[in-house]
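So the chains spell out like this:
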Amino acid sequence: DAGITQSPRHKVTETGTPVTLRCHQTENHRYMYWYRQDPGHGLRLIHYSYGVKDTDKGEVSDGYSVSRSKTEDFLLTLESATSSQTSVYFCAITPGGQSGQYFGPGTRLTVT
Amino acid sequence: AQSVTQPDIHITVSEGASLELRCNYSYGATPYLFWYVQSPGQGLQLLLKYFSGDTLVQGIKGFEAEFKRSQSSFNLRKPSVHWSDAAEYFCAVGGSNAGNMLTFGGGTRLMVKP
C-alpha cells in the first residue's frame, strides 16, 4: 500500500463545467503524476510534479491544469470539461531511485 | 522517443496452462522495464521490474520476466495460470531520468478458462 488516495472515486458532470480531482499521499514523496486510462491506450501522462509548486506537462496535457501547494496533495483540474475527457484518472507516486511508480485506486469521470 | 508495444490485445488460456505475454520496447538508452497488473475496477499493481543485472527477474504472484536486449523485449511468463490471474497486464519502460517517467503499452487482457 503506497498510501495514495484519490477523491472523488466516481463523478458525473456536464460538458462545460469545471472539475477538480484530488490525489493525496501520506509519505511525502517528491514526485507525483496524473495519468488517464482509455481502452487501447494504456496509461498516458497528463502532468507531473517534482515538488511543491513545481509541475510540468506530460503527453496529453491540453485541457488540464494541475496544482501542488502541499507535498501531500496534487490536484488535477479540468477547466471546462468535454466529453473527450471521459476517462479513468490515476494518480501515482514514486519513492525515487529504482522503485518504479505506485498507483492510487483511480477516479472514474464521466462527462455528459 | 520511447515506446512500448504489447502485440496481443486479448489472450485466453486454460487454468493450469503456461502463459507468456509479449512486450517490445523502444528506448534510446539502458531501459528500466516494468510489468503491472490491473484487476477490474482497481488500480495498477507492480508485478516486477528490471533495472540491471540478471536478465531473468522474479516478481510477485509467481510471475517472471526475461529481458532480451537483442530483441528489445521483456516478456512476462507464468508456468501455471490460476483463475485469479485474469486481469489486464501493462508493460512500461522508463529510464534513469530524475522524474522516473514511464511510457506504457496498450495492455493485454488475460482471460482464464476453467
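Let me begin by describing the structure that accompanies this report. On a predicted model such as this, the values are computed, not experimentally measured, just so you know.

## Observations regarding the overall build of chain A
- In terms of regular secondary structure, chain A is built from zero helices and eleven strands.
- Counted from the first residue to the last, chain A has its helices and strands arranged as β-β-β-β-β-β-β-β-β-β-β.
- Whereas a compact globule of 112 residues would reach a radius of gyration of roughly 13 Å, chain A reaches 13 Å, a difference of no more than 12%.
- Across its three principal axes, chain A shows a C-alpha extent of roughly 40 × 30 × 25 Å.
- Per-residue burial over chain A gives 51% buried out of 112 residues.
- Summing over all exposed atoms, chain A offers an accessible surface of approximately 5200 Å²; the carbon and sulfur share of this is 47%.
- Taking the average location of the 11 positive side-chain charges in chain A and that of its 11 negative ones, the two points are 2 Å from each other.

## Remarks on the pairing of strand 6 (residues 54-57) of chain A
- Across four bridges, strand 5 (residues 42-51) of chain A lies against strand 6 of chain A in antiparallel orientation. Bridged to Ser49 of chain A within strand 6 of chain A is Thr55 of chain A.

## Details of the interface of chain A and chain B
- Contacts between the two partners involve 23 residues from chain A and, on the opposite side, 20 residues from chain B.
- At the boundary of chain A with chain B, total buried surface from both sides reaches about 1600 Å², with 55% on carbon and sulfur atoms.
- Of all residues in chain A, the largest losses of buried area upon contact with chain B belong to Leu43, Gln98 and Phe103 of chain A, amounting jointly to 30% of the total for that side.
- The tally of links between chain A and chain B comes to zero salt bridges.
- Applying the counting criterion to the chain A and chain B interface returns two residue pairs in polar contact (both at pLDDT 80 or more).
- For the side of chain A that touches chain B, the secondary-structure elements that each account for two or more residues are strand 4 (31-38), strand 5, strand 9 (87-94) and strand 10 (102-103) of chain A.
- When its residues are assigned to classes, the side of chain A that touches chain B shows ten nonpolar, twelve polar and one charged.

## Focus on the nonpolar core
- In terms of nonpolar packing, the biggest core is built from 26 residues, with Leu19, Trp35, Leu47, Leu48, Phe74, Leu76 and Tyr89 of chain B touching the most fellow members.
- Mapped onto this core, the elements with two or more residues apiece are strand 2 (10-14), strand 3 (19-21), strand 5 (32-38), strand 6 (44-50), strand 8 (64-68), strand 9 (73-78), strand 10 (87-94) and strand 12 (108-113) of chain B.
- The leading source of residues in this core is strand 10 of chain B, at four residues.
- In terms of nonpolar packing, the next biggest core, distinct from the first, is built from 21 residues, Phe90 of chain A together with Tyr32, Leu46 and Phe104 of chain B among them.

The rules behind these values
- Residues numbered from 1 in each chain as written.
- Chains lettered and ligands numbered in written order.
- Predicted model: local features only at pLDDT ≥ 70, side-chain atom pairs only at ≥ 80, totals over all residues.
- Heavy atoms only, no water.
- Helix = DSSP H or I, 4+ residues; strand = E, 2+ residues; numbered from the N terminus.
- Rg over C-alpha atoms; globule rule 2.2 N^0.38 Å.
- Buried < 20%, exposed > 50% of the residue type's maximum accessible area, 1.4 Å probe, protein only.
- Areas by Shrake-Rupley, 256 points an atom, 1.4 Å probe, with all protein chains shown as cover.
- Lys, Arg positive; Asp, Glu negative; His and termini not counted.
- Charge placed at Lys NZ, Arg CZ, Asp CG, Glu CD.
- Pairing = 2+ DSSP bridges.
- Contact = heavy atoms within 4.5 Å.
- Buried area = accessible area lost by both parts, 1.4 Å probe.
- Salt bridge = Lys/Arg side-chain N within 4 Å of Asp/Glu carboxyl O.
- Polar contact = N/O pair within 3.5 Å; in protein donor to acceptor, adjacent residues only side chain to side chain.
- Nonpolar A, V, L, I, M, F, W, Y, C, P; charged D, E, K, R; others polar.
- Core = buried A, V, L, I, M, F, W, Y, C linked by side-chain atoms within 4.5 Å.

Note that all results are geometric; they support no functional claim without further evidence.
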